[in-house]
Amino acid sequence: MAKVVHFRVALLKIICLLAVINGAVAWSLRARAEVIQFPQEELASESVLPVFDQPEAVKNRSVRTKNRIELGLSGGYSLTEAFSNPLSLGLNGTYHFTEEHGLNLYYDYFFGGQSDYSRQLNPIPNTSPAINANLQYAPSPRFLALANYQFTGYYGKFSLSKETVMNLGLYGLGGLGMIQIGDATKPVASFGLGQKFYFDSHFALRFDLRFLAYRGPDPLSRPLDKKVSEQSASYFDEKTVFESLLTFGAVYLFPSF
Amino acid sequence: MSKQFLLPISVATTVALSAVFSISTISSLARAEEGIDEIESMLSKEESKATPSEEAPQPTKQTGELRDVSDLAQLSPMSDIAVIQKRFLPKTGRFEAFGALSSVLNDAFFMNFGANLRMAYYFQERYGIELVGMILTTAERQVTSDLHDKRGVVTTSLVTPKSYYGADFKWTPVYGKMAWRNKTITPFDLYFSLGGGITNTNQSSSEPTLHVGTGQTFALSKSTAFRWDFTWNAYQSKSSAGGSAGSSVYNNLFITLGMSYFFPEATYR
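Calculation notes
Residues numbered from 1 in each chain as written. Chains lettered and ligands numbered in written order. Predicted model: local features only at pLDDT ≥ 70, side-chain atom pairs only at ≥ 80, totals over all residues. Heavy atoms only, no water. Helix = DSSP H or I, 4+ residues; strand = E, 2+ residues; numbered from the N terminus. Buried < 20%, exposed > 50% of the residue type's maximum accessible area, 1.4 Å probe, protein only. Contact = heavy atoms within 4.5 Å. Areas by Shrake-Rupley, 256 points an atom, 1.4 Å probe, with all protein chains shown as cover. Pairing = 2+ DSSP bridges. Core = buried A, V, L, I, M, F, W, Y, C linked by side-chain atoms within 4.5 Å. Salt bridge = Lys/Arg side-chain N within 4 Å of Asp/Glu carboxyl O. Phe/Tyr/Trp six-rings, centres within 6.5 Å; stacked < 30°, edge-to-face > 60°.

> So what about the overall build of chain B? Which residues, and what values?
A count of helices and strands for chain B gives two helices and eight strands. Of the regular secondary structure in chain B, the N- to C-terminal order runs α-β-β-β-α-β-β-β-β-β. When burial is assessed residue by residue, chain B has 39% of its 269 residues classed as buried. Across chain B, the fraction of contacts at a sequence separation of at least 24, relative to all contacts at a separation of at least 6, is 61%. Here chain B has roughly 14900 Å² of accessible surface; of this, 63% comes from carbon and sulfur atoms.

Right under this line is the structure:
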């Protein structure tokens, strides 16, 4: 019996000793773990933000547009202009509030004159005696001024035959403006889309396709065969005009300020 | 007797408490170590990212045999480096079936809408051939009916396309990727096409046609893509709009939007 008690006491001592050692070791390790603290600014941001909740597709943009002004010159072609010269010269300027949002101002000067179709109607075919349509005396577009919201949803880069890399942006346009037709100035609504191809962080080629809608004079609503000079826009009835304007030009992106 | 029972109970309690304490401590320690490992791995990643840009040696031409790691700095730059290496939608040896809607952008007198079907085969990533078929519906614009009704112009002589069939050679020199709002990436190709075919007009004539185009293919998956195409068709046709019944060159600009399906399934690395 005494041996059993002695053995149990010895066993108890061993267990207590092991428990104390175990606890001491664990406590010391725990204390060591708590001592290690990193300053917040040294921690990687990925350790606090889940990677897939806020994906960032482009880590380092080659062309940053935020707070930058862009100016450019372009040539335009009115795709569905029936009777006037479809060619024009345009100036555009864009201020980029952010990488995506911007304000685009566009001014287009129309060269004026007749289109090929209009010339073919002087005289009108198969009329006897010959009658000239004289559509050159109808009011034609003089200028177009637009203020557009520009949303650049797509930004990317591409390889040109594996030799060089260029950047590009794809954007949508929507806005209002004024168009002068003859002696009348009319409000116009516009929307469109375009693409820019950047040679570097400053120079780019810019292609825009804009659709225009406005109320303007109808050159066929009044006879012009007896007229000898351009008529006022008020002489004609009005109609809703849908026009599409294709422009191609170059732009320069100024440094941010 | 009570001591005999108390002793094992106290021993068991001590052991249990010690075990629980140890487990909780070790588990918290493990969590802390995991956190430390994670942080250290991130910091080491950051260091590994930063090191090459900070200490990137300017490669020079290889001057001799490499004897040490430091001699790697003497290596000449590779002459053929793919700027964008991974092609998401490979095309070599594959067919592309393209179905789309088309419209003529520059016809002042008619509105033309229609269906566009194409089938392409790519010999290489950059080169391929494509068969084109397009059928258009035609409607007069207001200006055309006004010319007829108010000025007596015979508008039935105005020429407009009704259909086009032809074949193109496709050259795809540009491959890139775009990010939508900096969240998702869409790979794309930009191509140019040159070919010819036959345009059937509303004057019941079939005219040989020069076909020049460009467009972009945005990959949605490894077999499907959204594609837009901008095409210029030029052909000569007789017209009596000017009263001379002579031939004139007509230029049609088509905008086409549709979907492409690539087959068979490509083999990937």
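> So, the overall build of chain A: which residues are in play, and what are the values?
A count of helices and strands for chain A gives two helices and eight strands. Listing every helix and strand of chain A by position from the N terminus yields α-β-β-β-α-β-β-β-β-β. Within chain A, the proportion of its 257 residues that are buried is 41%. If you take every contact in chain A between residues at least 6 apart in sequence, the share linking residues at least 24 apart comes to 64%.

> Any details on the pairing of strand 1 (residues 68-78) of chain A? Residues and values, ideally.
In summary, the side chains of a regular strand alternate between the two faces of the sheet. Residue and element names in this part refer to chain A. Alternating residues of strand 1 divide into Arg-68, Glu-70, Gly-72, Ser-74, Gly-76 and Ser-78, all buried, and Ile-69, Leu-71, Leu-73, Gly-75 and Tyr-77, none buried. Here 10 bridges tie strand 1 to strand 2 (residues 87-96), and the two strands are oriented antiparallel to one another. By the bridge assignment, Arg-68 is partnered in strand 2 with His-96. Sheet topology note: the strand 1/strand 8 (residues 238-253) ladder contains nine bridges and is antiparallel. Of the residues in strand 8, the one forming a bridge with Ser-74 is Gly-249.

> Got a sec to walk through the nonpolar core? Specific residues and values, please.
The biggest cluster of nonpolar side chains holds 17 residues, and the ones touching the most others in it are Phe-83, Leu-121 and Leu-135 of chain A together with Phe-109 and Leu-147 of chain B. Setting aside its immediate chain neighbours within four residues, Leu-135 of chain A contacts Phe-83, Ser-118, Leu-121, Pro-219, Leu-220 and Leu-224 of chain A together with Arg-151 of chain B.

> Explain the pattern of salt bridges residue by residue, including any values.
Residue and element names in this part refer to chain B. Per the counting criterion, the structure on display carries 23 salt bridges over all chains. Note that Lys-170 and Glu-130 form a salt bridge whose closest N and O atoms lie 3.9 Å from each other. Within this pair, whereas Lys-170 is found in strand 4 (residues 161-180), its partner Glu-130 is found in strand 3 (residues 127-140), the two being separated by 40 residues in sequence. Accessibility assignment for this pair places Lys-170 and Glu-130 in one class, buried.

> Quick rundown of the packing of aromatic side chains? Include the residues and the values.
Residues and elements named next belong to chain B. Enumeration over the complete set of coordinates arrives at 26 aromatic pairs over all chains. Ring plane angle 20° and centroid distance 5.5 Å describe the contact between Phe-95 and Phe-263, whose orientation is recorded as stacked. One end of the pair, Phe-95, is in strand 1 (residues 95-104); the other, Phe-263, is in strand 8 (residues 247-263), with 168 residues separating them in the sequence. Among the residues examined, Phe-95 registers a relative accessible area of 34% and is labelled partly exposed. Given the relative accessible area of 29%, Phe-263 is considered partly exposed.

Note that all results are geometric; they support no functional claim without further evidence.
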